[in-house]
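# Close look at the chain arrangement
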Amino acid sequence: MRGAPKHYNTRFDVDYCLEHYPAETKAFLAKKLTEVKAWQVTGKLKDGETGTTSDTHKVVEVKDQVTKEVKERYQYEYKDDPNCELFRLGYTVKEAEALLKTEGKKQ
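Residues numbered from 1 in each chain as written. Predicted model: local features only at pLDDT ≥ 70, side-chain atom pairs only at ≥ 80, totals over all residues. Heavy atoms only, no water.

### Digging into helix 2 (residues 22-34)
Counted only if it meets this: Helix numbers and strand numbers start at the N terminus; a helix is a DSSP run of H or I with at least 4 residues, a strand a run of E with at least 2. By this rule the span expected of a helix is its residue count minus one, scaled by 1.5 Å. Accessible area is worked out with a 1.4 Å probe on protein chains only. A residue is then buried under 20% of its type maximum, exposed over 50%, and partly exposed in between. The directions considered for the arc run from the helix axis to the C-beta atoms.
Counted at 1.5 Å a residue, the expected span for helix 2 with its 13 residues is 18 Å, and the 19 Å between its end C-alpha atoms agrees. If you check which residues of helix 2 are buried, you get Thr25, Lys26, Phe28, Leu29 and Lys32. Taken around the axis of helix 2, the buried residues stretch over an arc of 155°, which confines them to a single face. The exposed set on the far side of helix 2, more than 90 degrees from its buried face, consists of Ala23 and Thr34.

What follows is the structure, given as structure tokens:
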């Protein structure tokens, strides 16, 4: 392998690359920190329910393609995605932020 990898499959890959390619690996971690939160369905709304709308909540309507009539409504919440790549690699948000603050090679 030459240079920093394009894909990281394990926590060991990230740890190894922090020692050998700190700038590229920190850029990867910074990008993954921005992808931690995502809109997730919390439930289907019943007829007549309004749902919650705020910075972290929204209601999505599913419409019939032909009649444009609303068929279903779902409540979404903007929260940590348990399936995001940062978590899949075994890092927490605090660990990744701490690694970004370190200077030079990993100790």
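What follows picks up the thread again.
### With respect to the sheet that holds strand 3 (residues 70-80)
The strands making up a sheet associate through backbone hydrogen bonding, with each pair oriented either parallel or antiparallel. Rules: Strand pairing requires that DSSP identify at least two bridges connecting the strands. Note on method: axes are straight lines fitted to C-alpha atoms, helices fitted across the in-contact stretch only, with angles between N-to-C directions ranging 0 to 180 degrees.
Overall, antiparallel pairing links the 3 strands, which are arranged 1-3-2 in an open sheet. What marks the edges here is a single partner per strand, and that holds for strand 1 (37-45) and strand 2 (57-63). Direction aside, neighbouring strands of the sheet carry axes that sit 35° apart on average. Bridge count between strand 1 and strand 3: 8 bridges; the pairing is antiparallel. Among the inter-strand pairings, Trp39 is bridged to a residue of strand 3, identified as Tyr78.

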